[in-house]
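Residues per chain, in single letters:
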Amino acid sequence: MSVISGAGTRSKRPGRRRYSWDLITHLVGREFRLRYRRTVLGWLWAMSYPLARLVVFAFLFTRILPLGIPNYANFAFTGIIAWTWFSKGVSSATSSAVDRRDLLVRPSLPRAAVPAISVLTDGLDYLAALPILALFLLIGDGIPLTAVFLPAIMAVQLLYTLGLGLALCAANVYLRDVRLLVDVSMLLGFYLTPVFYDAQSVPERYRFLLYLNPMAHLLEAYRDVLVVGELPALAPFLLLAVVGIVVCAIGYLVYTLLSPFFVDEL
Amino acid sequence: MNEIEVAGVSKRYRYASSGMPRKLKTLGQRGERVDHWALREVSFAVARGETVGVMGKNASGKSTLLRLLAGITRPTVGSIRILRSVSGLLTLGGGMHPLLSGEENAFSGAILAGLTRAEALRRLQEIASFAELEEHMDQPLRTYSDGMRLRLAFAVAIHVDPEILLVDEVLAVGDLRFQEKCFSHLESLQAAGVTVVVASHDLNQILRLSTRALWLVDGSIQHIGESSEVVDHYKTAVSDSMTLREPLTIGGRRHGSGEVEILEVRLLDSRGKETDLIAPGGPLTVEIEFVAHQEVLGAIFVVSAHGDRDGIRCFDLHTGEQGGPVGRLHGPGIVRLHLDRLDLTGGRYRLDVGIFESSWERAYDYLWQAFPVQVSGQADEVAVLRPPHRWSMQ
């Protein structure tokens, strides 16, 4: 039996929520700045990866194997940046506890902050790429009004990324194969998610499989509000959000159950 | 009122298989479990504002106990009740980043230790001045010396308004003057009602800081009570069985098994006055005051010097080669090395002083680069040696 009474030895000073907010925003900002520290281009590098992919896809799928998707650059770029956040976020969160033992041994730090910081830092990379998307949209038909709905979709994506990241992070502490498995899964997931192609072009027999993937729904929602200029259907989107909350809650539960013993395994 | 209550706490670490297959090829085999009990049935209480010392040799469970108190991990059996928030010195310097400036690291460190942004910002000035790094705060940490880093880390750790402070063997920071400053700061925290648990194998630290102490042997409490009383028990046990002797270490510049201990090293000039400045070609006497905690036959005393600038070893003298005056050692004693002429060029040098077992198998006590000595004169010479000389022409 092991009991740590009250809120354990974690700090019980007033304003814990204020503290958690300060801590997480500070560390996310610090990680982001460190990522591009001492580079000449700084955070502009955040755009380089999605842009490189876009150039390849735009050439491949409009010149060599035309997919016949209108506004292909906007279509593909919307998908690429959202997928990049998801895949990088999940995989960096997965290895976060193992990589950041120095944070886990801090008495006052809420443990769940460790994977959350990874996911949010990658979220900043997503935000850094948005100006490029805005530029593309302005060159085309302009930015649709429905773009104001973007934060809601990002919030739902955050739920999924965080939920998966928390659970996989806990698993990775006990079984280091998890990190490698996640990397391979993300490679596969990139092709099994309509990032650079349209879900509608998938044969109808298989399409339901595609839609088991929440990222497929999220990408469609992103494209609806950013490229097409429509709001996603409300009921399916709410369902997506509710499932997201459940995924995040389960991830958080797994993480909080296992994390008090992490340091023994690191 | 008890601030910390530890009741029947045991902590098990499990190595190799923890019920889960570690490798695919061992799948199906029943994994062999290696249990290690780092703590066994430990119970004690600490009152608010009290300081309790935790002593014991390495791997006796001191660090595990502090980790449990910090809430970093949980006991396998038993319970721990803690009333206020814990701040630890457990992770001195951890989480610092070499590319960030001293100020950014201090700010980060203060937030990681439990302050909000606003609180951390308010304490920055105080941290910088305590660490004596005001002029260096905007420089990146990678340009800092080890001593500067530790000073900064220590300054951060004690400026975060701790309610309960856990100190784990980290008081050997910087030079003696800075250590003294750290001690007096800890004493002012004690006076302000902070509850302190300090783990150390330095008995003097325990005696100075704590009113009560507990002594851990293999994870169990061997003795608990008034610190002077526990220290006496510890000392008696140590002289009974030398295996209990703690290896000597000071900030990575000292090691040894400790049967013979160097108490003090003095550098004396021709008049027998203590000095650290030698005229070129002048004499130098190195006086080593030591105590042999048990009878030792034929120890070897070593004194060597390195150039501070390039690390070149200038001389390496020991009592082993000519037999030397050293015979049986027991109890306190003094050994002196007389250098009739120190023909070194001007500049700074560091002396290593050590006492080794007669077969050179191990060091009883060895302090390297611990004693600075300056030879006056121009410091820009490329050579180390300046033999007595004169020029002539025919």
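Residues numbered from 1 in each chain as written. Chains lettered and ligands numbered in written order. Predicted model: local features only at pLDDT ≥ 70, side-chain atom pairs only at ≥ 80, totals over all residues.

Some words on the confidence of the model for chain A
Put simply, chain A has an average pLDDT of 88, and 94% of its residues get 70 or more. Counting interchain partners and residues more than four positions distant, the pLDDT-below-50 stretch residues 1-12 of chain A has 30 contacts. (pLDDT = per-residue confidence, 0-100. Contact = placed C-beta atoms within 7 Å.)

A few points about helix 2 (residues 102-112) of chain B
Given 3.6 residues per helical turn, the α-helix brings residues three or four places apart onto the same face. Counting buried positions over the eleven residues of helix 2 of chain B gives nine, a clear majority of the element. Taken together, the buried positions of helix 2 of chain B are occupied by Gly 102, Asn 105, Ala 106, Phe 107, Ser 108, Gly 109, Ala 110, Ile 111 and Leu 112 of chain B. Those residues of helix 2 of chain B that are buried are in contact with helix 1 (16-35) of chain A together with helix 3 (117-130) and helix 4 (146-158) of chain B. At the exit of helix 2 of chain B stands Gly 114 of chain B, carrying a positive phi of roughly 120°. (Buried ≥ 20, exposed ≤ 12 C-beta atoms within 10 Å, placed from the backbone. Helix = DSSP H or I, 4+ residues; strand = E, 2+ residues; numbered from the N terminus.)

So, the sheet that holds strand 11 (residues 260-268) of chain B
Residues and elements named next belong to chain B. The strand order 11-13-16 describes an open sheet built from three strands, whose pairing is antiparallel. Only two strands of the sheet have a single neighbouring strand rather than two, namely strand 11 and strand 16 (328-339). On average, each strand axis in the sheet is tilted by 15° relative to the strand beside it, whichever way the strands run. Examined bridge by bridge, strand 11 and strand 13 (residues 284-297) share eight bridges and lie antiparallel to one another. For Arg 266, the partnering residue across the bridge sits in strand 13 and is Glu 287. (Pairing = 2+ DSSP bridges. Axes fitted to C-alpha atoms, helices over the stretch in contact; angles between N-to-C directions.)

Considering helix 1 of chain A
Compared with the 28 Å implied by 1.5 Å per residue over 20 residues, the 28 Å span of helix 1 of chain A between its first and last C-alpha is a close match. Among the residues of helix 1 of chain A, Tyr 19, Leu 23, Leu 27, Val 28, Arg 30 and Phe 32 of chain A are the ones counted as buried. Residues of helix 1 of chain A that are buried make contact with helix 5 (113-139) of chain A together with helix 2 of chain B. (Expected span 1.5 Å × (residues − 1).)

Quick notes on the environment of Glu 31 of chain A
Residue and element names in this part refer to chain A. Locating Glu 31 in the fold gives a position in helix 1. Put simply, Glu 31 and Leu 120 are 89 residues apart on the chain and 9.8 Å apart in space, counted from C-alpha to C-alpha. Beyond its immediate sequence surroundings of up to four residues, Glu 31 is in contact with Ile 117 and Thr 121.

Quick notes on the domain arrangement of chain B
Each domain of chain B was delimited in the assignment, giving domain 1 (2-19 + 31-242) and domain 2 (254-375). Placing the centre of domain 1 of chain B and that of domain 2 of chain B at their C-alpha centroids yields a distance of 34 Å. (Domains from an automatic or database assignment.)

Some remarks on unusual backbone geometry
Residues and elements named next belong to chain B. Despite not being glycine, Glu 41 has its phi angle at roughly 45°, a positive value. Turning to its location among the elements, Glu 41 is positioned in strand 2 (residues 33-47). By C-beta crowding, Glu 41 is classed as partly exposed, having 14 other C-beta atoms within 10 Å.

Observations concerning the packing of helix 5 of chain A against helix 6 (residues 150-174) of chain A
Two numbers describe a pair of packed helices, the interaxial angle and the distance between the axes. All names here are of chain A. Running from amino to carboxyl end, helix 5 crosses helix 6 at an angle of 140°, the nearest separation of the two axes being 9 Å. Relative to helix 6, helix 5 is oriented oblique. For the pair helix 5 and helix 6, the crossing hand works out as right-handed. Between helix 5, through Pro 115, Ala 116, Ser 118, Val 119 and Gly 123, and helix 6, the contact on the second element is made entirely by Leu 158, Thr 161, Leu 162, Gly 165, Leu 166 and Cys 169. Split into classes, the residues belonging to the contact of helix 5 with helix 6 amount to seven nonpolar, four polar and no charged. (Parallel < 35°, antiparallel > 145°, perpendicular 65-115°, else oblique. Left-handed = near helix turned anticlockwise from the far one by under 90°. Nonpolar A, V, L, I, M, F, W, Y, C, P; charged D, E, K, R; others polar.)

Overview of the confidence of the model for chain B
Residue and element names in this part refer to chain B. Averaged over all residues, the pLDDT of chain B equals 80, while 86% of them reach at least 70. Scored below 50 in pLDDT, residues 241-247 shows 16 contacts in the model against residues more than four places distant or in partner chains. Across the interfaces of the predicted complex, the ipTM metric reaches 0.81, alongside a pTM of 0.70.

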